[in-house]
Amino acid sequence: MNCIERCIKRTFDFTLALVSLVLFSPVMLVIAILIRREEPDGDVIYTQERVGYKGRPFKLYKFRSMYMDAEKDNAPQLYQEQDPRLTKIGAFIRAHHLDEFPQLWNVIKGDMSFVGPRPERQYFIDQISAVRPDYERLYALRPGLFSFATLYNGYTDTLEKMIRRLDLDIKYLENYSLWTDIKIVFLTSQSIIFGKKF
């Protein structure tokens, strides 16, 4: 993208995130109430440090889908299907990607874009980079709420899938455009609405 297209992309991100935040606020309120009902003393919003644009760390926001302190005594773990760390409401919102609504605030703040590579934790970046040093190429983009790689590769629960995701992310990096972003937003939204698991 040239400078003008990047400005349009940022305007598109900000506007769509703001409209979505307002539009889906009733749904987000219901999710927050259900999380609080299941664990009255637990946090509703979960924050985690991820690495983003230009390799800078930022706080990513999600609705908490796991029990409090799920990784307190363990090294970081990848999410697995039927993960025992999930709460009941957490399993539902995770399966339908509703836990990611708070990331709209990350998009508004400029930490993320609507479309881009999914942001990762440094712990896993180190593992990927040991095999593929070209991971740092992704730092040229803001990480995304929606991702070309997630759409076609699904969640990553193994290092092998993370490498495959990297290949797709680099493909996106080399070919991304406003039209590509619009298409990914449409296809991902369609998949979520119709209950596709990925």
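Keep in mind that this is a model prediction, so the values were computed, not measured.

Caption draft 1: Structural view of the environment of proline 57. Tracing the backbone shows proline 57 in strand S2 (residues 57-63). Separated by 64 residues in sequence, proline 57 and arginine 121 have C-alpha atoms that sit 8.9 Å apart.

Caption draft 2: Inspection of the side chain of aspartate 169 at higher detail. Looking at the element boundaries, aspartate 169 is found in helix H7 (residues 159-175). No salt bridge is formed by the buried aspartate 169; its nearest oppositely charged neighbour, arginine 165, is found at 4.3 Å.

Caption draft 3: Looking closely at the packing of helix H1 (residues 3-23) against helix H2 (residues 25-38). Running from N to C, H1 and H2 cross one another at 60°; their axes reach a closest spacing of 5 Å. Comparing their axes, H2 and H1 come out oblique. Contacts from Leu21, Val22 and Leu23 in H1 reach Ser25, Pro26 and Met28 in H2. Grouping the constituent residues of the contact of H1 with H2 by class yields 5 nonpolar, 1 polar and no charged.

Caption draft 4: Representation of the nonpolar core in the model. Counting residues in each nonpolar core, the largest one holds 30 residues, and the members touching the most others are Phe63 and Phe114. Ranked by the residues each element gives to this core, the list is headed by H2, at 4 residues. Apart from residues lying up to four places away in sequence, phenylalanine 114 is in contact with Asp13, Leu16, Ala17, Ser20, Leu104, Val107, Gly144, Leu145, Phe146 and Val185. Formed by 11 residues, the second largest nonpolar core is a distinct cluster that contains Val51, Ile125, Ile128 and Ile170.

Caption draft 5: Summary view of the pattern of salt bridges. As enumerated under the stated definition, the model contains 11 salt bridges in all. A salt bridge links lysine 109 to aspartate 111; the shortest N-O distance between them is 3.4 Å. Judged by its relative accessible area of 42%, lysine 109 falls in the partly exposed class. Between glutamate 174 and arginine 137 there is a salt bridge; the shortest N-O distance is 3.2 Å. Of the two residues, glutamate 174 sits in helix H7 while arginine 137 sits in the loop between helix H5 (122-131) and strand S4 (144-146), which places them 37 residues apart along the sequence. Looking at arginine 137, the relative accessible area reads 36%, which means it is partly exposed. Taken together, the salt bridges that share partners define one network made up of Lys62, Arg94 and Asp99.

Caption draft 6: Up close: the pairing of S2. Burial runs high along S2: 5 of the 7 residues are buried. One ladder, built from 7 bridges, connects strand S1 (residues 45-51) with S2; its direction is antiparallel. Looking at S2, one finds that glutamine 48 is bridged to leucine 60. The antiparallel hairpin formed by S1 and S2 contains 5 residues in its connecting segment, where lysine 54 sits at a positive phi of about 60°.

The rules behind each value
- Residues numbered from 1 in each chain as written.
- Predicted model: local features only at pLDDT ≥ 70, side-chain atom pairs only at ≥ 80, totals over all residues.
- Heavy atoms only, no water.
- Helix = DSSP H or I, 4+ residues; strand = E, 2+ residues; numbered from the N terminus.
- Buried < 20%, exposed > 50% of the residue type's maximum accessible area, 1.4 Å probe, protein only.
- Lys, Arg positive; Asp, Glu negative; His and termini not counted.
- Salt bridge = Lys/Arg side-chain N within 4 Å of Asp/Glu carboxyl O.
- Axes fitted to C-alpha atoms, helices over the stretch in contact; angles between N-to-C directions.
- Parallel < 35°, antiparallel > 145°, perpendicular 65-115°, else oblique.
- Contact = heavy atoms within 4.5 Å.
- Nonpolar A, V, L, I, M, F, W, Y, C, P; charged D, E, K, R; others polar.
- Core = buried A, V, L, I, M, F, W, Y, C linked by side-chain atoms within 4.5 Å.
- Pairing = 2+ DSSP bridges.

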